[in-house]
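Given next are the chains, with one letter for each unit.
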Amino acid sequence: MLYLVARPKITGIMMEFYPSRTTALERLAAFVPSAGAYYTKMRNFDHGSGSHSDVSHLSPYIRRRILTEEDVIRATLGRHSIQASEKFIQEVFWRTYWKGWLEMRPSVWTTYQNDLGQLSNQLATQSGFRQRWEEACLGRTGIDCFDAWAIELAQTGYLHNHARMWFASIWIFTLRLPWQLGADFFLRHLLDGDPAPNTLSWRWVAGLQTVGKTYLARASNITKYTDGRFFPKGLAKVAIPLTEEVSHSKLLPVSETRHDQAAHSLLVLHDEDSHLGPITNEFKTTLGAVRISTGAHISPFATSEKVVQFVDDLMQEQDGRWSERLGSIKPVMTVDDIVKEALKLGAKQIVSPYAAVGPAQAMLQNLQEAAASYDISIVRYLNAYDLMCWPHATHGFFRFKEHIPKFVQALGLKA
């Protein structure tokens, strides 16, 4: 096959996800030259585990904001026009859209979690159901492509985006397993697993997100875009949309939290957002910093050790990066530990990067209640990019993407 532009300079070694900002920056630099026409042409091809050289491999770093969306957009538009890199830029904004959409409809996440609790009880009491679920998770269904993807995900913590869509469709419409358990399987194993994009993407495949519109995995499509590696048999021929009885009302967009820049503050770090530059510039009298992990609360089932280790190592690396500015960052286990540290230091407010819907947000809400008893205020600092974009995630993505040129211009870039 001949290419009009160079392939990304991403080697097999670089396809490993090393937990460092240096690796993330190197990967961004290697990919950016191919973020235009090449990506547009080749992005849908899944060449197999260890061979995903046509896509960026940036998602695990963007997920924790080791790289920010703004970092990626700036680097891309520094090399390509917005027209040439439209497909890749839209992929970056899809993540932003999903986050903003769920932030205004948190009941979607709450309902999903409640469903998972009920399903975990059913798995404990229904042996046939549990066996079908285990076979899917372990890659023992007899569907060649699906089994390969299940194994790849468990071994690497990564799947090509197209494979994720096929996998979800087969899980729901061929294997007839609950979408919530599939979303949970992804969330526990993906290094870039994120409550908003993951939950809402599974709902979209199922016909719940865009009501009545499903995604059907077709054998011919899978064969074409996997270079003929797979010829799946027995896939569902139709994808009848799922339905739900509950409705999800829309809340007002998130706004800035009022705060006192000069107040003595304790900084609380979590694993949702590591972009600390703006927050450290804003709050000048930080007395200390603590870190709390919330990943264990993502599921009623065990999170992959690969994910746990990657996040732990990444956060440790970030603590080292910021220690010169923040001093030693103390690990804590509970909300009460945070309040005790604030009282010990004499902090009048506790400041944390804003955490979108998920376990870290629940932790910060509990912290707010606990700290109120001691007249300590909580500041959940929302960065300028999210503040700009999230309020526009009111309807579907196609309405949201009309604002992309305006977002790009607001970042000081040419649209």
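Note that the coordinates shown come from a computational prediction; the quantities given were computed from them, not determined experimentally.

**What to know about the overall build of the chain**
- For the chain, the count of helices and strands is 19 helices and five strands.
- At 22 Å, the chain has a C-alpha radius of gyration in line with the 22 Å of a compact globule built from 415 residues.
- Taken along its principal axes, the extent of the C-alpha atoms in the chain is 65 × 55 × 40 Å.
- Put simply, the chain has 415 residues, and 53% of those count as buried.
- Of the contacts formed within the chain by residues at least 6 apart in sequence, a portion of 75% connects residues at least 24 apart.
- Total accessible area on the chain is roughly 18,700 Å²; 52% of this is exposed by carbon and sulfur atoms.

**A closer look at the packing of helix α8 (residues 144-156) against helix α10 (residues 179-189)**
- The interhelical angle for the contact between α8 and α10, taken along N-to-C directions, is 35°, at an axis separation of 9 Å. Side by side, α8 and α10 meet where A150, L153 and A154 of the first sit next to F185, F186 and H189 of the second.
- Here the residues of the contact of α8 with α10 are counted per class, giving five nonpolar, one polar and no charged.

**Brief notes about the sheet that holds strand β3 (residues 329-332)**
- Taken together, the five strands give an open sheet; going across it, the order is β3-β2-β1-β4-β5, and neighbouring strands pair in parallel fashion. Lying at the two open borders of the sheet, with one neighbouring strand each, are β3 and β5 (377-381). When strand polarity is set aside, the average angle formed by the axes of neighbouring strands in this sheet is 30°.
- Two elements, strand β1 (residues 265-269) and strand β4 (residues 349-353), share three bridges in a ladder whose sense is parallel.

**What to know about the pairing of β1**
- Within β1, five of the five residues are buried, leaving the element largely enclosed by the surrounding structure.
- Where β1 meets strand β2 (residues 286-292), five bridges bridge the pair, whose relative direction is parallel. Bridge pairing links L266 to G288 in β2.

**Describing the state of the cysteines**
- As enumerated under the stated definition, the model contains zero disulfides in all.
- With no disulfide of its own, C145 lies 16 Å from the sulfur of C137, the closest cysteine sulfur.

**A look at the environment of P60**
- Locating P60 in the fold gives a position in helix α3 (residues 59-63).
- Along the backbone, P60 and T111 are 51 residues apart, and their C-alpha atoms lie at a distance of 26 Å.
- If near-sequence neighbours (up to four positions away) are discounted, P60 is found in contact with F17, L191, D192 and F310.

**Thoughts on the nonpolar core**
- By size, the foremost hydrophobic cluster in this structure holds 98 residues, and its most contacted members are F93, W149, I170 and W171.
- With near-sequence residues (within four places) excluded, W149 lies in contact with D46, L159, A163, W166, F167, I170, I222, T226 and F230.
- Of all hydrophobic cores here, the second largest spans 20 residues; its members include V268, V335, A347 and A370.

**Examining the pattern of salt bridges**
- Evaluation of the coordinates by the stated rule reveals 17 salt bridges.
- R291 serves as the salt-bridge partner of D319, at 2.8 Å between the closest nitrogen and oxygen. Note that D319 is positioned in helix α14 (residues 305-326) and R291 in strand β2, a separation of 28 residues in sequence.
- Shared partners join several salt bridges into a network, and the residues in it are R63, R65, E69, R95, K99, D194, E272, D273 and D386.

**Things to note about the packing of α8 against helix α9 (residues 161-174)**
- With their axes 10 Å apart at the nearest point, α8 and α9 run at an angle of 115° to one another. In the crossing of α8 with α9, the sense of the turn from one axis to the other is left-handed. Seen from α8, the contacting residues are C145, F146, W149 and A150; seen from α9, they are A163, W166, F167, I170 and W171.
- Broken down by class, the residue content of the contact of α8 with α9 amounts to nine nonpolar, no polar and no charged.

**Let's talk about helix α1 (residues 21-31)**
- Considered for burial, the residues of α1 that qualify are T23, A24, R27, L28, A30 and F31. Down the axis of α1, the smallest arc covering the buried residues is 165°, so these residues share one side.

**Focus on the side chain of H162**
- Its location among the elements puts H162 in helix α9.
- A distance of 2.9 Å separates the side chain of H162 from the backbone oxygen of N44, its partner in a polar contact.
- A polar contact is formed between the side chain of H162 and the side chain of N221, at a distance of 3.5 Å.
- In this structure, H162 is in contact with N44, Y215, N221 and Y225, ignoring residues within four places of it in sequence.

Reading the values: the criteria
- Residues numbered from 1 in each chain as written.
- Predicted model: local features only at pLDDT ≥ 70, side-chain atom pairs only at ≥ 80, totals over all residues.
- Heavy atoms only, no water.
- Helix = DSSP H or I, 4+ residues; strand = E, 2+ residues; numbered from the N terminus.
- Rg over C-alpha atoms; globule rule 2.2 N^0.38 Å.
- Buried < 20%, exposed > 50% of the residue type's maximum accessible area, 1.4 Å probe, protein only.
- Contact = heavy atoms within 4.5 Å.
- Areas by Shrake-Rupley, 256 points an atom, 1.4 Å probe, with all protein chains shown as cover.
- Axes fitted to C-alpha atoms, helices over the stretch in contact; angles between N-to-C directions.
- Nonpolar A, V, L, I, M, F, W, Y, C, P; charged D, E, K, R; others polar.
- Pairing = 2+ DSSP bridges.
- Disulfide = S-S within 2.5 Å.
- Core = buried A, V, L, I, M, F, W, Y, C linked by side-chain atoms within 4.5 Å.
- Salt bridge = Lys/Arg side-chain N within 4 Å of Asp/Glu carboxyl O.
- Left-handed = near helix turned anticlockwise from the far one by under 90°.
- Arc of directions from axis to C-beta.
- Polar contact = N/O pair within 3.5 Å; in protein donor to acceptor, adjacent residues only side chain to side chain.

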